[in-house]
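# Report on the structure
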Amino acid sequence: MLEKMTNGSKRGDGGRTAGEQQDEDRAMIRLEALTKRYPGQRQAAVEELDLEIPAGRIVTFVGPSGCGKTTTMKLINRLIEPTSGRIHLDGRDVTEVAPHVLRRNIGYTIQQGGLFPHRTVADNIATVPRLLGWDRERIAARVDELLDLVGLAPQTYRRRYPKQLSGGQQQRVGVARALGGDPQVMLMDEPFGAIDPLNREALQNEFLRIQAEVRKTIVFVTHDIDEAVKMGDRIAIFGDGGVVHQYDTPERILADPADDFVSDFIGAGASVRRLSLTPLGALPVPDWPTVGDSAGGEERAAAARRAGHGHLMVLDDDGRPAGWLRVEDGAPGERLPLLTPLGPDATLFDALDRMLAANSSALAVVDGDGGYRGVVTMDAVRELINSTAAHAPRPHGSGGSDALQEV
Ligand SMILES: Nc1ncnc2c1ncn2[C@@H]1O[C@H](COP(=O)(O)OP(=O)(O)O)[C@@H](O)[C@H]1O
Ligand SMILES: [Mg+2]
């Protein structure tokens, strides 16, 4: 299941005021000519890096191993000091802030959660609230609230030790701990890197859901381009020596890679990946011929004559898809069952996936209430892939390709 995505960001912009929106477009983290050269290193790990990370968004850092992603994260929260350059956090130079104060305002997660093995789950999550001097009751309430948020029942898990948890559960606790003191910023260094693919997808979806609630400014490091595309509102593609080859939205990176390094890194599947960025809800509404389930014989015949050939979408009395009616030579024929319709948050990738799995060439699309909205066809998806391969305009919004189409 792919998580919902709106045009604005992966945490949803529903109900935001213009003021809030503007506030969130400001840079929360600003890196200026940031350079880190480790002692004895010939090549800098990070060189003259300039980057702005907008408030309330997820920026993914992606690139091959050793290209300076972790170094950049450690520079941001001052686990290491830069050789030169500046880092601003919420408009303030971080060197003006004592590191321990800074780190309370920055949640940090690493692979395998990085939990303290000899402390319970509750104690792990309480790390920063304790440093902040919260009272016992407030800390206990916060621990339970965060366990709920990451999908772990507080009763069951708060007294366990990390080794009594699965990898995925440890990672959830890691996320809860990073959120502990309600920091403005979260730095997540390959947080789901050690998790098997199925649990990983669940964690990704859950994390996007959590972000829709908490709206933190997040730097998320991964070496997996698919994860970068899925999680990022923007992606920074890192190459050797901490050089950023492209910093842009996933859509633009996949559609228009800045150079050969980026093209090679995103690989051959770029056009298919772009399908997963296009929610059906963002595509134009089609006009597939329909017929009511309770329509009389005459009405059915008339609808079939109009359609001529192919299939009519049968709608129940509430306007929900109920099945297909085959039409041959202008006459109604056999009634065919319906595959589960796709909702507005499903993407073109989901549509393609389901059509291939079910050996079907068309699927009904419904709105949030299950009401009929249209039909997505294999031909339409294919057309979109072709147009993407030719670097055509993005399918989002107006002027895009009619992926949901007429008969
Ligand atoms: N403590 C260190 N001392 C010396 N070199 C280091 C240290 N940490 C990382 N490096 C080097 O800096 C480069 C960038 O490393 P890192 O930031 O960990 O990359 P990434 O997270 O992208 O895999 C690599 O060449 C790595 O070997
Ligand atoms: Mg790393």
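Residues numbered from 1 in each chain as written. Chains lettered and ligands numbered in written order. Predicted model: local features only at pLDDT ≥ 70, side-chain atom pairs only at ≥ 80, totals over all residues. Heavy atoms only, no water.

### Examining the packing of aromatic side chains
Stated formally: Between the rings of Phe, Tyr and Trp (Trp by its six-membered ring), a pair exists once the centres lie within 6.5 Å; its type follows the angle of the planes, with under 30 degrees stacked, over 60 edge-to-face, and the other angles tilted. Helix numbers and strand numbers start at the N terminus; a helix is a DSSP run of H or I with at least 4 residues, a strand a run of E with at least 2. Exposure is judged per residue with a 1.4 Å probe applied to protein chains only, and the accessible area is read against the type maximum: over 50% gives exposed, under 20% gives buried, and values in between give partly exposed. A ring has a charge above it when a Lys NZ or an Arg CZ is no more than 6 Å from the ring centre and no more than 35 degrees off the ring normal.
Scanning the model with the defined rule gives 6 aromatic pairs in all. Centroid distance F61 to F238: 4.8 Å. Interplanar angle 45 degrees. Geometry classified as tilted. Within this pair, whereas F61 is found in strand β3 (residues 58-62), its partner F238 is found in strand β9 (residues 234-239), the two being separated by 177 residues in sequence. Judged by its relative accessible area of 0%, F238 is buried. On the numbers, 5.7 Å between centres and 75 degrees between planes, the contact of W288 with W324 is edge-to-face. One end of the pair, W288, is in the loop between α13 (270-275) and β11 (290-292); the other, W324, is in strand β13 (residues 321-328), with 36 residues separating them in the sequence. W324 matches W288 in its accessibility class, with the two residues each being buried. An aromatic cluster is present here, built from F192, F207 and F220 joined pairwise through their rings. The residue whose ring lies beneath R138 is W134, and the NZ or CZ to ring-centre distance is 3.6 Å.

### Quick look at empty space enclosed by the protein
Our working rule: Think of a 1 Å grid over just the protein atoms. A cavity is a set of points where a 1.4 Å probe fits yet cannot get out, a pocket is an open set with protein on both sides within 12 Å along at least five of seven lines, and lining residues have an atom within 4 Å of a point. Grid points are joined across faces, edges and corners, and a volume is the space filled by probe spheres set on the points. Residues are grouped as follows: Ala, Val, Leu, Ile, Met, Phe, Trp, Tyr, Cys and Pro are nonpolar; Asp, Glu, Lys and Arg are charged; every other residue, Gly included, is polar.
Going through the model one piece at a time under the given rule, you end up with 3 cavities of 30 Å³ or more. What the largest cavity holds in volume is close to 50 Å³. V150, Q171, R172, V175, F192, L203, E206, F207 and I210 are the residues that line the largest cavity. Secondary structure elements with two or more residues in the lining of the largest cavity: α8 (167-179) and α9 (197-214). Here the element with the most residues in the lining of the largest cavity is α9; it accounts for 4 residues. Considering only residue class, the lining of the largest cavity consists of 6 nonpolar, 1 polar and 2 charged.

### Describing α8
Applied cut-off: The span expected for a helix works out to 1.5 Å for each residue beyond the first.
Spanning 13 residues, α8 covers 19 Å between terminal C-alpha atoms, matching the ideal 18 Å at 1.5 Å per step. The complete set of buried residues in α8 reads G168, Q169, Q170, Q171, R172, V173, G174, V175, A176, R177, A178 and L179.

### As for the sheet that holds β3
Test applied: Strand pairing is defined by DSSP finding a minimum of two bridges between the two strands. For helices, the axis comes from a line fit to the C-alpha atoms of the stretch in contact; other axes are also lines fit to C-alpha atoms, and the angle between any two N-to-C directions lies between 0 and 180 degrees. Contacts are assigned to residue pairs that have any heavy atoms within 4.5 Å of one another.
Reading across the sheet, the 6 strands line up as β6-β7-β8-β3-β9-β10 and stay open at both edges, with mixed pairing between neighbours. Where the open sheet ends on each side, the last strands, each with one partner, are β6 (106-110) and β10 (243-248). With strand direction ignored, the average angle separating the axes of adjacent strands in the sheet is 15 degrees. On top of the sheet, α8 reaches β6 and β7 (185-189); it is set at about 165 degrees to β6, its chief contact.

### Notes on the confidence of the model for the protein chain
We apply this condition: On a scale of 0 to 100, pLDDT captures the predictor's confidence in every residue.
When pLDDT is averaged along the protein chain, the result is 84; 88% of the residues meet or exceed 70. The lowest-confidence element of the protein chain is helix α1 (residues 18-25), averaging 56 in pLDDT; the highest-confidence one is β3, averaging 97. Overall, residues 1-7 carries pLDDT values under 50, and its contacts beyond four positions in sequence, including any with other chains, amount to 21 contacts. Every residue in residues 390-407 scores below 50 in pLDDT, and together they form 49 contacts with partners more than four places removed in sequence or on other chains.

### Regarding the nonpolar core
Applicable threshold: Buried Ala, Val, Leu, Ile, Met, Phe, Trp, Tyr and Cys residues that are joined via side-chain atoms within 4.5 Å together make up what is termed a nonpolar core.
Residues I125 and F207 are the most contacted members of the largest nonpolar core, which totals 32 residues. Going through the elements one at a time, α4 (121-125), α6 (136-149), α8, β7, α9 and β8 (217-222) are the ones with two or more residues in this core. Residues L31, L34, C67 and I87 belong to the second largest nonpolar core, which totals 28 residues.

### A short note on the site of ligand 1
Heads up, the rule is: One heavy atom within 4 Å of a molecule or strand makes the whole residue count as near it. Here a polar contact is taken to be a pair of N or O atoms separated by no more than 3.5 Å, where protein atoms must pair a possible hydrogen donor with a possible acceptor and residues adjacent in sequence count only if both atoms sit in side chains.
Around ligand 1, the neighbouring residues are Y38, Q41, A45, S65, G66, C67, G68, K69, T70 and T71. One of the side-chain N or O atoms of Q41 is found 3.0 Å from an oxygen atom in ligand 1. Between ligand 1 and the protein, one listed contact pairs an oxygen atom with a side-chain N or O atom of T71 at 2.5 Å. For the shell around ligand 1, the class distribution of residues is 3 nonpolar, 6 polar and 1 charged.

### So, the sheet that holds strand β14 (residues 331-336)
The mixed open sheet is built from 4 strands, whose spatial order is β11-β12-β13-β14. On the outer flanks of this sheet lie β11 and β14, each paired with one strand and no other. On average, each strand axis in the sheet is tilted by 40 degrees relative to the strand beside it, whichever way the strands run. Relative to strand β12 (residues 310-315), β11 is paired through 3 bridges, and the arrangement is parallel. Following the sheet pairing, G292 is matched in β12 by L315. Helix-sheet contacts for helix α14 (residues 297-307) involve β11, β12, β13 and β14, and the interaxial angle to β14 is about 100 degrees.

### Regarding the pairing of β3
Counting buried positions along β3 yields 5 of 5 residues, so the element is predominantly enclosed. Both β3 and β8 contribute to a ladder of 5 bridges, which runs parallel. Paired with V62 across the strands is T222, a residue of β8. Where β3 lies against β9, 4 bridges are found, and the strand directions are parallel. For T60, the partnering residue across the bridge sits in β9 and is I235.

### Remarks on the pairing of β9
A large share of β9 lies buried, amounting to 5 of its 6 residues. Two strands pair when backbone bridges link them, and β9 and β10 are joined in this way by 5 bridges, in the antiparallel orientation. The partner of G239 across the bridge, within β10, is V243. Linking β9 to β10, which pair antiparallel, is a turn of 3 residues; within it G241 sits at a positive phi near 70 degrees.

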